[in-house]
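Summary of structural features
Chain residues, written in single-letter form:
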Amino acid sequence: MKSPDVEFELRGTRVGRIDSFRFFEVLDWVSILDSVVGAEQDGFDAVAIGNILDPALREARSMVDIPVLALGETSMLTACMMGSQFSLVGVNPYFGGRFEENVARYGLRDRLASIECMGLTPHELDACFSDHGGRQKAIDSFVAAARASLEKGAEVVIPAGGRLTAFLNAVGIREVDGAPLLDGTVSLVTAVESAVRIHRQAGAFVSRRRLYARAPVASIQDSAAEYADGYNVPALKRLLGSFDSTTQRSEE
């Protein structure tokens with residue numbers, strides 16, 4: 001899936017309630033942002049946020065210069081190159097409203113055919129990896145949801161989530177009635193590698209004009225230590241230390 005000369009390091013959230021309710025999702029943003037800032041400090045070339053809801057994506061982009069890509073946005077933009085309209089088929093019923101928000105945020109309302117939810121819970125899907133009896137139930141549930149989206153005009157189906165994509169890969173399902181299923185994980189890895197090449201060639205990847213404007217160094221120096229201690233973001237303290245070192249070298 002990745003190029004032979006590319007290495008990935010997996011970092012999870014400290015708690016990991018992103019797949020439940022948005023209150024806890026926002027609390028998980030802190031550890032995501034800490035990982036993103038820390039990744040740039042550790043010399044990584046890019047960051048991939050592997051959650052379909054794209055948690056903390058915009059905030060992360062506003063703080064680092066390396067490319068930051070996410071599963072949901074990358075999947076949707078890739079689907080737009082594969083067909084005129086796409087659908088999202090998920091497992092967690094709480095995701096529907098947040099999918100709608102992100103589709104609108106990315107300016108893709110006219111490309112969305114529908115959002116469908118399978119008739120089983122995330123935990124039931126997890127069990128199907130080892131439960132052969134329940135596996136067919138999960139397959140039938142996904143195919144029914146995908147067909148419902150095709151009836152509404154979808155040409156590409158996005159399995160909305162890493163666990164669902166992994167399940168479909170495990171059972172060898174790549175299309176439904178001629179409509180391709182987009183593998184978001186492959187799309188994300190491929191897009192990240194491309195973003196690194198673009199960054200190296202262009203010298204910059206993210207615009208600082210408006211949406212991803214970065215806080216001035218003075219603001220970071222004034223507040224980084226307080227936020228680092230108050231919210232347990234050690235990468236902010238490391239960032240503050242790098243500014244101090246730069247100042248000292250300039251004075252010398």
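Going by the structure above, here's the rest.
Before going into details, it helps to say that this report is about the structure given with it. Note that the coordinates shown come from a computational prediction; the quantities given were computed from them, not determined experimentally.

Regarding the packing of aromatic side chains
Counted according to the given criterion, the structure contains five aromatic pairs. With 5.7 Å between their ring centres and 80° between their planes, Phe95 and Phe99 make a pair best called edge-to-face. You'll find Phe95 and Phe99 in the same group, each marked buried. Measuring from ring centre to ring centre gives 5.7 Å for Phe129 and Phe167, while their planes differ by 80°; the resulting arrangement is edge-to-face. One end of the pair, Phe129, is in the loop between helix H5 (122-127) and helix H6 (132-151); the other, Phe167, is in helix H7 (residues 162-171), with 38 residues separating them in the sequence. A relative accessible area of 1% places Phe167 in the buried class.

Quick look at the environment of Gly50
Mapped onto the fold, Gly50 is located in the loop between strand E1 (47-49) and helix H2 (57-61). For the pair formed by Gly50 and Gly72, sequence separation is 22 residues and the distance between their alpha carbons is 8.3 Å. Residues contacting Gly50, with those up to four places away along its chain left out, are Leu71 and Leu188.

With respect to unusual backbone geometry
Unlike most non-glycine residues, Asp54 shows phi in positive territory, near 55°. If you trace the backbone, Asp54 turns up in the loop between E1 and H2. Residue Asp54 is classed as buried on the basis of its relative accessible area of 6%. In this structure, Asn232 takes a positive phi of about 55° despite not being glycine. Tracing the chain through its elements places Asn232 in the loop between helix H9 (217-231) and helix H10 (234-251).

Quick word on the sheet that holds strand E4 (residues 112-117)
Across the sheet, three strands lie side by side as E4-E3-E5; this open sheet has parallel pairing. Both outer strands of the open sheet, E4 and strand E5 (156-159), are each paired with one neighbouring strand and no more. Averaged over neighbouring strand pairs, the angle between their axes works out to 20° when direction is ignored. The pairing of strand E3 (residues 86-90) with E4 spans five bridges and is classified as parallel. Residue pairing across strands places Val89 opposite Glu116, the latter belonging to E4. The strands touched by H6 within the sheet are E3, E4 and E5, with E4 carrying the most contacts at an inclination of about 155°.

A short note on the environment of Arg210
In this fold, Arg210 is placed in the loop between helix H8 (184-202) and H9. Arg210 gets classed as exposed once you look at its relative accessible area, which sits at 76%. Expressed as a C-alpha distance, the spacing of Arg210 and Ser62, which sit 148 residues apart in the sequence, is 9.7 Å.

Focus on helix H4 (residues 96-105)
Those residues of H4 that fall on the buried side of the exposure criterion are Gly96, Arg98, Phe99, Asn102 and Val103. The buried side chains of H4 occupy one side of the element, clustering within an arc of 160° when seen end-on. Backbone geometry just after H4 places Gly107 at a positive phi near 70°.

Thoughts on the pattern of salt bridges
With the rule as written, the count across this model stands at 14 salt bridges. Here Asp42 makes a salt bridge to Arg238, at a shortest N to O gap of 2.6 Å. Taken together, the positions of Asp42 in the loop between helix H1 (22-41) and E1 and Arg238 in helix H10 put the pair 196 residues apart, joining distant regions of the chain. Of the residues examined, Asp42 reaches a relative accessible area of 42% and is grouped as partly exposed. Since its relative accessible area comes to 42%, Arg238 is described here as partly exposed. Between Glu116 and Lys152 there is a salt bridge whose closest N-O contact spans 2.9 Å. A residue pair is termed long-range when its members are at least 10 positions apart, and Glu116 in strand E4 and Lys152 in the loop between H6 and E5 qualify at 36 residues.

Calculation rules
Residues numbered from 1 in each chain as written. Predicted model: local features only at pLDDT ≥ 70, side-chain atom pairs only at ≥ 80, totals over all residues. Heavy atoms only, no water. Phe/Tyr/Trp six-rings, centres within 6.5 Å; stacked < 30°, edge-to-face > 60°. Buried < 20%, exposed > 50% of the residue type's maximum accessible area, 1.4 Å probe, protein only. Helix = DSSP H or I, 4+ residues; strand = E, 2+ residues; numbered from the N terminus. Contact = heavy atoms within 4.5 Å. Pairing = 2+ DSSP bridges. Axes fitted to C-alpha atoms, helices over the stretch in contact; angles between N-to-C directions. Arc of directions from axis to C-beta. Salt bridge = Lys/Arg side-chain N within 4 Å of Asp/Glu carboxyl O.

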